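A closer look at the structure
The primary structure of each chain is shown beneath.
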Amino acid sequence: MMSKQTKNIVLGISAGIAAYRMYDLVGELKRLGNNVTVILTKDARNFVSELPLKVLSSNPVYCEMFSAELQSKPIHIELADSTDLILISPATADIIAKMATGICDELITNVLLASRCPVYIAPAMNTNMWEHFTTQKNIETLVTKLGYKIIPPEEGDLACGYTGMGHIASNEKIIKTILYGEFDTKPLYGKKVIVTAGGTREAIDPVRFIGNRSSGKMGIALADAAYNMGAEVVLVSTVPCEKKYQVIEVESAQEMQEVIESEFDKADALIMAAAVSDFRPIIASKQKIKKKNEDINLELTRNPDILEILGRTKRDKQIIIGFSAESENIEKNAKEKLEKKKIDMIIANDITVPETGFESDENAVIILTRDGKKEILQRQPKTQIARYITTRLSEIFDSIKEVKKT
Ligand code: CTP
C-alpha cells in the first residue's frame, strides 16, 4: 500500500483494551511515510506505554496538558495547527461523550476543539455501551453536527466476554479510511429514512381483495441499503419480513398512509417504492359476499395519493423519492409525476419487460431528479440499484449541508 502523500497525523489513544493494537498502527502509518504524533489520555497509560510509541513514531508522546517547559505556543494549539488529520483510536464511550459535548479535561479533547482538520473516530467498546442511546446520540452529533467520520466497530468476540458489535475496525481498514478515503463511514448516519414496500391490498370482503403484483423486493432492497449505510430505517411493508430495523406491516393504502404520516415528521427521507392501489371498494363487506345468479358491480373510490400529499407538505430539508411504474411513455409520465407530486427524485421502470418487472430480482430504471438530471441504470440486481439510489440520497443530504454552509 503506498501513501498518496505524507500526512501529519495526530493519533489520540483512549483507555480501551484495543489500545495495544495502536503499536502496529503507528508502525504501519510511519512505514507508509506519515508523521505520527501520539496523544494518550491519562487512563490510556494503563493499556499502552509511552516508550514503545515514542520509538515507533520517532516523535514525543504527549499526555499532559501543561508542561514546565516554556513553549512559544501552548502544546494543544501547536498540535492542532500542525496536523492534517486526527484519528481517535480506540475511541471509548467516554472520549466520544467528551467530544460530543466539548469537555476539555484531556490534552486530546483540547486539540480536537482547537483544530479544523478532518477527524476520524474508530470506536471500540462493550456491545451494550456501543448500542446505548447516549453513545449513539453522541455519535450522531459528531457525524451530523461536526462532520467527523466514524470508522464503524465490527462484530466479534470482545475482551469483556461479550460477542457482538464493538470490536475495533482492523488496522488495515483504519488506514484505508484515513489515507485513501475508502471509507465505509455510514453516509446516512443520523438520518431517519422511511421506505415502503409491496403492493397494498384493498379489502372487498374478509376473503377477497384488490391487489397488485408487487413483490416488495425493490422496497426491501432499498430499506436494507439505507440501513447498511447507517440510516435509522422504518420499513412500511405489505410483505412480512424480519429485519434488524423496524418493520411495520400494513395492508391497505389507508393503513400505509396512517403509518407514514405518523412517522414522517421525524423523518429525513421517504422512499415510496410500494405499489399503492389507486382505488378501493367503497364498502368492504364485513361478511363474505355470497355468489348469486346475477353479476355484481363493485363500486370503487379513489385512495389518497400518499406521495402527493407528503410532497406538498414536506419541509425543505426532507427528501422524497417516488417510483413510477409505467407501461408506455416511461420518461414523460415519470417526469410529470415528479413535478405534480413535488418530490425530489423519481425512479421510473418499464413494467412490461419480464426480466425487470414486478416479481423479478432485477430491474432497469431511469432516475430523474428535480434539478433536471437524468440517469439510466441498465438491467442489474435490485440490490445494486437500491445501493445506487441510497448513495444518491446521501449525496442530496450532503448538497443540502453545503448550501447551508455557504
Ligand atoms: N403512490 C402513492 N399513493 C397512491 C398511488 C401511488 O403514494 N395512491 C406513489 C407510489 O408509491 C409511487 C408513485 O406514487 O412512488 C407513483 O405511483 P404509480 O402507480 O407509478 O403512479 P400513480 O401516481 O398511481 O399514477 P398512474 O397509476 O396513473 O400511473
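Structural data are supplied above this passage.
What this report covers is the structure whose coordinates are included nearby. Counting restarts for each chain: residues are numbered from 1 in the order of the written sequence. Where local features are concerned, this predicted model is filtered to residues with pLDDT of at least 70; where side-chain atom pairs are given and counted, the filter is 80 or more; whole-chain, interface and lining totals use all residues. For the side-chain quantities, the full set of heavy atoms in the structure was used; hydrogens and water were omitted.

One bridge is not enough; two strands pair if DSSP finds at least two bridges between them. In this description a helix means any DSSP run of H or I spanning at least four residues, a strand means any run of E spanning at least two, and both kinds are numbered starting from the N terminus. Spatial strand order, 13-12-9-14-17-18-19-20: eight strands in an open sheet with mixed pairing. Two strands close off the open sheet at either side, each with one partner strand: strand 13 (246-249) and strand 20 (374-381). Averaged over all pairs of adjacent strands, the angle between strand axes in this sheet comes to 20 degrees, irrespective of strand direction. Pairing of strand 9 (residues 192-197) with strand 12 (residues 232-237) involves six bridges; the strand directions are parallel. Looking at strand 12, one finds that V193 is bridged to V233. Only heavy atoms enter the contact rule, under which two residues are in contact if any of them lie within 4.5 Å. To obtain each axis, a line is fitted to C-alpha atoms, and for helices this fit is confined to the stretch in contact; angles are then taken between N-to-C directions over 0 to 180 degrees. Contacting strand 17 (319-326), strand 18 (345-350), strand 19 (362-369) and strand 20, helix 12 (residues 330-340) runs over the sheet at an angle of about 150 degrees to strand 18.

Definition used for salt bridges: Asp or Glu carboxyl oxygen within 4 Å of a side-chain nitrogen of Lys or Arg. Summed over all chains, the structure comprises 26 salt bridges. In this structure, R213 and E359 form a salt bridge, with 3.3 Å as the shortest nitrogen-oxygen distance. With a gap of 146 residues between them, R213 in the loop between strand 11 (209-210) and helix 9 (217-228) and E359 in the loop between strand 18 and strand 19 connect regions that are remote in the sequence. Residue R213 is classed as exposed on the basis of its relative accessible area, which comes to 55%. Owing to a relative accessible area of 45%, E359 belongs among the partly exposed residues under this scheme. Across the pair D361 and K217 runs a salt bridge whose closest N-O atoms are separated by 3.0 Å. Taken together, the residues D361 in the loop between strand 18 and strand 19 and K217 in helix 9 connect sequence positions 144 residues apart. Categorising residues by exposure relies on relative accessible area from a 1.4 Å probe, with only protein chains included: less than 20% of the type maximum marks a residue as buried, more than 50% marks it as exposed, and the intermediate range marks it as partly exposed. Judged by its relative accessible area of 53%, D361 falls in the exposed class. Because the salt bridges share partners, they merge into one network encompassing D94, K98 and D105.

Structurally, T369 is set in strand 19. Owing to a relative accessible area of 8%, T369 belongs among the buried residues under this scheme. Apart from residues lying up to four places away in sequence, T369 is in contact with L338, D344, M345 and R392.

Bringing the nonpolar core into the picture now. Here the nonpolar core consists of buried residues drawn from Ala, Val, Leu, Ile, Met, Phe, Trp, Tyr and Cys, with membership extended through side-chain atoms lying within 4.5 Å. In this structure, L222, I389 and L393 are the most contacted members of the largest nonpolar core, which totals 33 residues. Mapped by element, the contributors of at least two residues to this core are strand 9, helix 9, strand 12, strand 14 (269-272), strand 17, strand 18, strand 19 and helix 13 (382-405). The dominant element in this core, judged by the number of residues it contributes, is helix 9, at seven residues. Not counting residues up to four positions away in its chain, the partners in contact with I389 are M218, L222, I321, F323, M345, I347 and I367. Within the second largest apolar cluster, 31 residues are counted, among which are V26, V38, V48 and I168.

Moving on to the packing of aromatic side chains. Think of it this way: a Phe, Tyr or Trp ring, Trp meaning its six-membered ring, pairs with another when their centres are within 6.5 Å, and the plane angle makes it stacked under 30 degrees, edge-to-face over 60, tilted otherwise. All told, the structure shown has one aromatic pair when counted by the stated rule. With 5.3 Å between their ring centres and 50 degrees between their planes, Y227 and Y245 make a pair best called tilted. With Y227 in helix 9 and Y245 in the loop between strand 12 and strand 13, this residue pair connects regions lying 18 residues apart in the sequence. Residue classification places Y227 among the partly exposed positions, given a relative accessible area of 31%. Looking at Y245, the relative accessible area reads 8%, which means it is buried. For a ring to carry a charge above it, either NZ of a lysine or CZ of an arginine must fall within 6 Å of the ring centroid while also lying within 35 degrees of the normal to the ring plane. Here K191 stacks its cationic end above the ring of F397, 4.6 Å away from the centre of that ring.

On to the pairing of strand 2 (residues 35-40). Counting buried positions along strand 2 yields five of six residues, so the element is predominantly enclosed. As defined by bridge partners, strand 1 (residues 8-13) adjoins strand 2 across six bridges and the pair is classed as parallel. Bridge pairing in strand 2 places I9 opposite V36. Taken together, strand 1, helix 1 (residues 22-31) and strand 2 constitute a β-α-β crossover, and its handedness is right-handed. Inspection of the sheet shows strand 2 paired to strand 3 (residues 61-62) by two bridges, in the parallel sense. Considered in strand 3, the bridge of V38 is made with V61. With the strands aimed away from the viewer, a crossover counts as right-handed if its path from the first strand over the helix to the second runs clockwise.

Residues separated by three or four positions in an α-helix point in the same direction, a consequence of the helix having 3.6 residues per turn. Of all eight residues in helix 5 (residues 107-114), six are buried, a share of seventy percent or more. Residues of helix 5 that are buried include every one of L107, I108, T109, N110, V111 and L112, and no others.

Where helix 1 contacts helix 2 (residues 50-57), the axes come no closer than 9 Å and their chain directions differ by 15 degrees. On the basis of the axis angle, helix 1 is roughly parallel to helix 2. The handedness of the crossing between helix 1 and helix 2 is right-handed. Contacts between helix 1 and helix 2 pair M22, Y23, V26, G27 and K30 from the former with P52, L53, L56 and S57 from the latter. Put simply, Ala, Val, Leu, Ile, Met, Phe, Trp, Tyr, Cys and Pro go in the nonpolar bin, Asp, Glu, Lys and Arg in the charged bin, and everything else, Gly too, in the polar bin. Taken together, the residues of the contact of helix 1 with helix 2 sort by class into six nonpolar, two polar and one charged. Convention used here: angles under 35 degrees read as roughly parallel, angles over 145 as roughly antiparallel, angles from 65 to 115 as roughly perpendicular, and any remaining angle as oblique. Each crossing gets its hand from how the near helix is turned against the far one by less than a right angle, where anticlockwise is left-handed and clockwise is right-handed.

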